[in-house]
Structures are given as structure tokens and as C-alpha cells.
Amino acid sequence: MDRERKMYTEVYMLLTRLNKELLSKIPEELKQDIINKADTSYPYEVNELLPESKALIASIMEKYLNDQY
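Let me begin by describing the structure that accompanies this report.

## Overview of the overall build of the protein chain
So, point 1. Helices and strands together make up the secondary structure of the protein chain, namely four helices and zero strands.
So, point 2. Element order for the protein chain, N to C, with α for helix and β for strand: α-α-α-α.
So, point 3. What you see for the protein chain is a C-alpha radius of gyration of 12 Å, in line with the 11 Å of a compact globule of 69 residues.
So, point 4. Oriented by its inertia axes, the alpha-carbon framework of the protein chain measures out at about 35 × 20 × 20 Å.
So, point 5. Relative to its full complement of 69 residues, the protein chain shows a buried share of 28%.
So, point 6. Of the contacts formed within the protein chain by residues at least 6 apart in sequence, a portion of 82% connects residues at least 24 apart.
So, point 7. For the protein chain, the exposed area adds up to about 4,900 Å²; of that, 48% sits on carbon and sulfur atoms.
So, point 8. The positive charge centre, built from 10 side chains, and the negative charge centre, built from 13, are 2 Å apart in the protein chain.

Now the structure itself:
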């Protein structure tokens, strides 16, 4: 799996663990973009995040979920 698809797959897997309230704060367009770019065809287990995944997750948290943390 190329690095970009792996990053989106990692982010997708983490987003699937959010509760509905938090997930609803993220724009639908962004969620769809992540889903479309991720490889969701098999169960992927995240062991250690890529630096790019950490950066994208931090950006999402800061922009959309900041008031929750």
C-alpha cells in the first residue's frame, strides 16, 4: 500500500472509533474524501501511525474537535 493510502487508511480507522457526536462535527466532505482515499477493503490494524497521519489527525482535532478536548 502506498504511503498516502496508508495515511488515509490510518485516519479512517481512527475516525471509525469516534462517537457520533464527535464525528458529526467533521464536515461530510472531509469524511468522504478520507474514505475515498483510504483502502477500506480489508480490516487494517493501526500499530504505529505515520507522521503524516498524526499531522492530519491533529489538524482535524484542532479545527473541528478542539472544544471537546
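This is not the end of the story, as more comes after the structure.
## So, the pattern of salt bridges
So, point 1. What the rule picks out here adds up to four salt bridges.
So, point 2. The partner of aspartate 39 in a salt bridge is arginine 5, and the shortest N-O contact between them spans 3.8 Å. One end of the pair, aspartate 39, is in the loop between helix H3 (28-37) and helix H4 (51-65); the other, arginine 5, is in helix H1 (residues 3-15), and 34 residues separate them in sequence.
So, point 3. A relative accessible area of 17% means that aspartate 39 is categorised as buried.
So, point 4. Among the salt bridges present, the one from lysine 31 reaches glutamate 28, with a minimum N-O distance of 3.2 Å. Separated by three residues within a single helix, lysine 31 and glutamate 28 lie in helix H3, roughly one turn from each other.
So, point 5. For lysine 31, a relative accessible area of 13% corresponds to the buried category.

## Quick look at the environment of aspartate 39
So, point 1. Separated by 18 residues in the primary sequence, aspartate 39 and isoleucine 57 place their C-alpha atoms 17 Å from one another.
So, point 2. Of note is the side chain of aspartate 39, whose polar atom sits 2.6 Å from the side chain of serine 41.

Criteria and thresholds
Residues numbered from 1 in each chain as written. Predicted model: local features only at pLDDT ≥ 70, side-chain atom pairs only at ≥ 80, totals over all residues. Heavy atoms only, no water. Helix = DSSP H or I, 4+ residues; strand = E, 2+ residues; numbered from the N terminus. Rg over C-alpha atoms; globule rule 2.2 N^0.38 Å. Buried < 20%, exposed > 50% of the residue type's maximum accessible area, 1.4 Å probe, protein only. Contact = heavy atoms within 4.5 Å. Areas by Shrake-Rupley, 256 points an atom, 1.4 Å probe, with all protein chains shown as cover. Lys, Arg positive; Asp, Glu negative; His and termini not counted. Charge placed at Lys NZ, Arg CZ, Asp CG, Glu CD. Salt bridge = Lys/Arg side-chain N within 4 Å of Asp/Glu carboxyl O. Polar contact = N/O pair within 3.5 Å; in protein donor to acceptor, adjacent residues only side chain to side chain.

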